[in-house]
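If you want the building blocks of each chain, they are given just below.
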Amino acid sequence: MERIEGLDFEIKNSAVSLGKFDGIHRGHRVLLKEICSQNRGIPTVFTFSLEENAEKIYTQKEKDLLLSALGIKREIVFPFTEETRRMTPEEFIREILVRRMDVRFVCVGSDFRFGVRRTGDVELLDKFSKRYGYQLCVMPKVTEKNEVVSSTLIRSCIEQGKLEKANQLLGEPWFLSGRVQHGEELGRTIQFPTANLFPEQGKKLLPNGVYATTVEVCGTRYCGVTNIGKKPTVGDFSVGVETYIMDFSGDLYDQEIRVNFHQFLRPEIRFDSVEQLRRQIQADRNTAHKILTGQKP
């Protein structure tokens, strides 16, 4: 997938969906599926640069992974500047969608707003569609048990540890990805080596605890057990994410992995000894294996 950032771009033949797309949840996926299924242009997402300190369901890099997997070919990451904030809705349509993106097809949610002070809406997009020669498709909001599927709701579920509900709203397990870094390497001494990730600033994390996960390494998926927390048995560290990957052997340092979270196992606990920790990790491994495969280890 091609990613274009900033204001200096010009592309052709676009089928476009517009929005924040900060969660790539089931509501977003309806829009993305629609632009990918049309034969009216290249599937293109127009989104906005993430604020540095904003709580992110997915980082920009993780969003890119998801968009590419869903069939999106181009992503425009548009900056919020004084210039862009002052654009009227018609200026945005004429200068961005038509002149710079050569838009042929537009798909948005029913509550989409744009332009200065959010004065543009789907009615205005429809009004200008004939003048500028694009087709407009407006999708209703997706609901789950009478709740609108939204990034705000998903962030709340993640914060409260409602992993099953968050995954249902997202349409697939919530995940984090990153480059494996060196940790304390205690796991190697107790026969449970772990891969350590340190999440990007602003990444919304589940509550500290131990989770059944699957781990994608170089195109292969493994079962795993992942701890989010400060490792209280061996010291007081900043919050990190460490994963024991079942049936994997090899050096993962500096490699990119993706950790998918499936089920909460237990809270993070301080043990009286490293041996107690080792026995608990073995029990966690057995429980996670059964959950993830439906089989005894």
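Just so it is clear, the structure is predicted and the values come from calculations on it, not from any experiment. Within every chain, residues take consecutive numbers counted from 1 along the sequence as written. Totals for whole chains, interfaces and linings use all residues, but because this is a predicted model, local features are given only for residues with pLDDT of at least 70 and pairs of side-chain atoms are given and counted only at 80 or more. For the side-chain quantities, the full set of heavy atoms in the structure was used; hydrogens and water were omitted.

> Got a minute to help me understand the layout of surface pockets in this structure?
Here a cavity means grid points, on a 1 Å grid over the protein atoms only, where a 1.4 Å probe fits yet cannot get out; a pocket means an open set of points with protein on both sides within 12 Å along at least five of seven lines; lining residues are those with an atom within 4 Å of a point. Grid points are joined across faces, edges and corners, and a volume is the space filled by probe spheres set on the points. Roughly 880 Å³ of internal volume is contained in the largest pocket. Forming the boundary of the largest pocket are 34 residues, of which Gly-19, Lys-20, Phe-112, Arg-113 and Arg-118 lie nearest the centre. Helix and strand definitions follow DSSP, with helices as H or I runs of at least four residues and strands as E runs of at least two, each counted in order from the N terminus. When contributions to the lining of the largest pocket are tallied by element, the ones reaching two or more residues are helix H1 (26-37), helix H3 (82-85) and helix H6 (151-160). Here the residues of the lining of the largest pocket are counted per class, giving 15 nonpolar, 10 polar and 9 charged. The wall of the second largest pocket is formed by Lys-20, Asp-22, Phe-48, Ser-49, Leu-50, Glu-51, Ala-54, Glu-55, Lys-56, Phe-80 and Arg-155. Residue classes in the lining of the second largest pocket are distributed as 4 nonpolar, 1 polar and 6 charged. Three classes are used: nonpolar for Ala, Val, Leu, Ile, Met, Phe, Trp, Tyr, Cys and Pro, charged for Asp, Glu, Lys and Arg, and polar for all others, with Gly counted as polar.

> Sorry if this is basic, but what is going on with unusual backbone geometry here?
Excluding glycine, residues mostly have negative phi values, and the peptide bonds linking residues are mostly trans. Positive phi, close to 45°, is recorded for Ile-24, a residue that is not glycine. Inspection of the secondary structure puts Ile-24 in the loop between strand S2 (14-18) and H1. Residue burial is assigned from relative accessible area. The probe radius is 1.4 Å, only protein chains are included, and a residue is buried under 20% of its type maximum, exposed over 50%, and partly exposed in between. A relative accessible area of 0% means that Ile-24 is categorised as buried. One non-glycine residue, Asp-247, adopts positive backbone phi at about 60°. Looking at where Asp-247 falls in the secondary structure, it is placed in the loop between strand S13 (240-245) and strand S14 (256-266). Asp-247 gets classed as exposed once you look at its relative accessible area, which sits at 65%.

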